[in-house]
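Now for the letters of each chain:
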Amino acid sequence: MSPGIQSFFDRVTNTVSHVVYDQVGGHAAVIDPVLDYDAKSGHTSTIAADKILQFIGEQQLTLAWILETHAHADHLSSAKYLQKNLGGKIAIGAHISKVQSVFKTLFNLGSAFAVDGSQFDVLLEEDAIFFIGQLRAKALFVPGHTPADMAYQIEDVVF
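Residues numbered from 1 in each chain as written. Predicted model: local features only at pLDDT ≥ 70, side-chain atom pairs only at ≥ 80, totals over all residues. Heavy atoms only, no water.

Enquirer: If you had to explain the sheet that holds strand 12 (residues 150–154) to someone new, which residues and values would you point to?
Expert: Pairing in this open sheet of four strands is antiparallel, and the strands run 10-11-12-13 from one edge to the other. The open sheet terminates on both sides in strands that have one partner only, identified here as strand 10 (129–132) and strand 13 (157–158). Where strand 12 meets strand 13, two bridges bridge the pair, whose relative direction is antiparallel. Its bridge partner being in strand 13, Gln 153 is matched across the sheet by Val 158. (Pairing = 2+ DSSP bridges. Helix = DSSP H or I, 4+ residues; strand = E, 2+ residues; numbered from the N terminus.)

Enquirer: Now, about the packing of aromatic side chains: what can you tell me, with residues and values included?
Expert: Scanning the model with the defined rule gives five aromatic pairs in all. Pairing Phe 103 with Phe 107 gives two aromatic rings, centres 5.3 Å apart and planes at 80°, and the pair type is edge-to-face. These aromatic residues form a ring-pair network of at least three members: Phe 8, Tyr 21 and Phe 55. (Phe/Tyr/Trp six-rings, centres within 6.5 Å; stacked < 30°, edge-to-face > 60°.)

Enquirer: Explain the sheet that holds strand 6 (residues 62–67) residue by residue, including any values.
Expert: Taking strand neighbours across the sheet as the criterion, the six strands line up as 1-2-3-6-8-9 in an open arrangement whose pairing is mixed. Among the strands making up the open sheet, the edge pair consists of strand 1 (4–10) and strand 9 (122–124). Averaged over all pairs of adjacent strands, the angle between their axes in this sheet comes to 25°, without regard to strand direction. As paired elements, strand 8 (residues 89–93) and strand 9 share three bridges and run parallel to each other. (Axes fitted to C-alpha atoms, helices over the stretch in contact; angles between N-to-C directions.)

In structure tokens form, the structure reads like this:
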């Protein structure tokens, strides 16, 4: 089975978010959703995320997963916003605690900031298998950009 794929390019961050789905009316995953951020004002908005919400609604999809490939320093994630509106589990690689420990110190996040990945619903281990409706997905550990980077093989496509 080949997945349906709709990609969304964010010009400001040079980032691409993807909706991957098994069929119209079926199940979907969103990969690396962007939350808009205006550095001058310090405000966020959901323009990019709302395009994803609109597409998922038009295709009558049920959101099963929101997949992060890594902790993003280049953009903010709209995962929580998407989850609030559509449900789904937010997942990231199990090594996220290593990155959180660095970020905690680097950004002076204070003692209340947890470095155990508890901000996510699922911490995916290397080679973990999961499903997006009828699509078989596999978590691939690809350290490099950060020590927690994950790629996702969904059928014959890798993100």
